[in-house]
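# Coordinate inspection notes
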Amino acid sequence: MAQPSSSTRVVLASLAGTTIEWYEFFIYGTAAVLVFDKLFFPSYDDLVGTLLSLSTFALAFVARPIGGALFGHFGDRLGRKSMLVVTLCLMGGATLCIGLLPTYETIGVAAPILLVALRVVQGLSLGGEYGGAVLMSVEHAARARRGFFGALVNTGAAWGLLLANLVFLLTSQLSDDAFLAWGWRVPFLLSAILVGLGLVIRLKLAESPDFQEVKESGEVRKTPLAEVLSNHWPRVLLMCLAYIPAGVTFYIATVYSLSYGEKQLGLDRDLILQLVLLVNVFTIVAIPFFGWLSDRVDRKRIFWVSIVAMAALPYVWFSLFETGSFGLMLVGFVVLFIPYAANYGTMPAFFAHVFPPAVRYTGMSVGYTLGTVFGSGLAPIIATGLYGGTGSWLAIAVYMTAAGVVGTVAALFLTERHGAERAKEEIST
């Protein structure tokens, strides 16, 4: 068992790397809403241009299961640490290239094609990143603290979005012409510094104790992906469906809200960015709290109850958002993100224990990333299409509720490997 000091170093290193990965991922999402429709798809009207721009954002989510399967496979064969170094390098290189990419005005149709290719690389990278970072932290931690340590890694998404919004808030102080000309590139170029720091931290980590045990016992699988798909596919499917409500809630509230607030409600762009920034500060505190609570209370119960709450609260959030009052809008965001934080805070330890250690990286990565395709990548596009077709936020809220119903049913059937089931598998091995 790793010493507490070692566990703390590992979780901090995983958090730092995950924050960088999510920062790079989110600056793309913000740019897709604010500028990419103008710079890379300028020959279309506003709605079509926005949909095309958000489609490139969603494309990375399609690539994420491929990345999850690829890096999960080698993570279960070669170790968690090496895969985390590779994924960080891939994400950093793709993000830097986007910051240097010529626009449609300069190189024509090649610009959106290259943008799509680089977005796919980002998706492959993040697909392999999440499972490895969570497992490094959870597997290094004592069992009584796995929920808390896993939740700390999950704040990486909030830290990443916080950094992305802060940088865009600073660059948005430029004139519109300057922002379109070069200001939007700054967040992408800054990522090179963050990646360098992240690599220095990750290269010093020790390998996961759980993987070391698998390796020393000679139980490393030759084809972990094939084993997951043949023997554990029901768990993969349930994990995919159980994730969807969190993805839909988060991406509609943090990505689609930028377009909805500015274009439909006439709100200032900076005002919405400030709301998203503040609610992410809240989740940075709330997510670890619920992770800590999950070490003391049945984490599965916290997980599915939080999904029920996410299904019920979109109507409150939209109603308060429409008021245009900063205080009421902030209350709406916080109310919506309380169950989101409960769900996302319990998710790492819950998901990490669904699969046996020998195929854990692969199983968790594939199940989680498939969920991000349907729950995260498509959410802003579906929300944009629903509003465009109905002219009302009610259709979007119903969509969020439907996602919650699906997730609740899946979560009730998803179980951790504890007690008799784990003992039976170990005896069989």
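Every value quoted in this text rests on a predicted model; they were computed, and no experiment measured them.

A few words on the environment of Asp-268. By the element assignment, Asp-268 lies in the loop between helix 11 (233–264) and helix 12 (269–294). Along the chain, Asp-268 and Lys-300 lie 32 residues apart, while their C-alpha atoms are 40 Å from each other. Reaching out from Asp-268, the side chain makes a polar contact with the backbone nitrogen of Asp-270 at a distance of 3.0 Å.

Once that is clear, we can look at the confidence of the model for the chain. Of all residues in the chain, 92% have pLDDT values of 70 or greater, and the mean over the chain is 85. Note that pLDDT drops below 50 for residues 1–5; the model gives that stretch six contacts with residues more than four away or on any other chain. A low-confidence stretch, residues 419–429 stays under pLDDT 50, and its non-local contacts, those more than four residues away or across chains, total nine contacts.

On to the packing of helix 14 (residues 314–321) against helix 18 (residues 394–413), then. Put simply, helix 14 and helix 18 touch, their axes get as near as 9 Å, and they point 150 degrees apart. In terms of axis orientation, helix 14 runs roughly antiparallel to helix 18. In this structure, helix 14 crosses over helix 18, and the sense of that crossing is right-handed. Residues Pro-314, Tyr-315 and Phe-318 of helix 14 pack against Leu-394, Ile-396, Ala-397, Val-398, Met-400 and Thr-401 of helix 18. Here the residues of the contact of helix 14 with helix 18 are counted per class, giving eight nonpolar, one polar and no charged.

Tracing the backbone shows Thr-18 in helix 1 (residues 4–39). Those residues in contact with Thr-18 that sit more than four places away from it in its chain are Glu-129, Ala-133, Val-153, Gly-156 and Arg-202.

Our next topic: the packing of helix 11 against helix 16 (residues 360–377). For the pair helix 11 and helix 16, interaxial distance at closest approach is 7 Å and the crossing angle is 45 degrees. Taken together, the axis directions place helix 11 and helix 16 in an arrangement best described as oblique. For the pair helix 11 and helix 16, the crossing hand works out as right-handed. Taken together, the residues of helix 16 that come into contact with helix 11 (itself represented by Val-236, Met-239, Cys-240, Tyr-243, Ile-244, Gly-247, Val-248 and Tyr-251) are Gly-363, Met-364, Val-366, Gly-367, Tyr-368, Leu-370, Gly-371, Thr-372, Phe-374, Gly-375 and Ser-376. In terms of residue class, the contact of helix 11 with helix 16 is made up of 12 nonpolar, seven polar and no charged.

Moving on, we get to the packing of aromatic side chains. Within the structure shown, the criterion is met by 25 aromatic pairs. Among the aromatic residues, those joined into a cluster by ring pairs are Tyr-256, Tyr-260, Trp-317, Phe-318, Phe-321, Phe-333, Tyr-387 and Trp-393.

Conventions adopted
Residues numbered from 1 in each chain as written. Predicted model: local features only at pLDDT ≥ 70, side-chain atom pairs only at ≥ 80, totals over all residues. Heavy atoms only, no water. Helix = DSSP H or I, 4+ residues; strand = E, 2+ residues; numbered from the N terminus. Polar contact = N/O pair within 3.5 Å; in protein donor to acceptor, adjacent residues only side chain to side chain. pLDDT = per-residue confidence, 0-100. Contact = heavy atoms within 4.5 Å. Axes fitted to C-alpha atoms, helices over the stretch in contact; angles between N-to-C directions. Parallel < 35°, antiparallel > 145°, perpendicular 65-115°, else oblique. Left-handed = near helix turned anticlockwise from the far one by under 90°. Nonpolar A, V, L, I, M, F, W, Y, C, P; charged D, E, K, R; others polar. Phe/Tyr/Trp six-rings, centres within 6.5 Å; stacked < 30°, edge-to-face > 60°.

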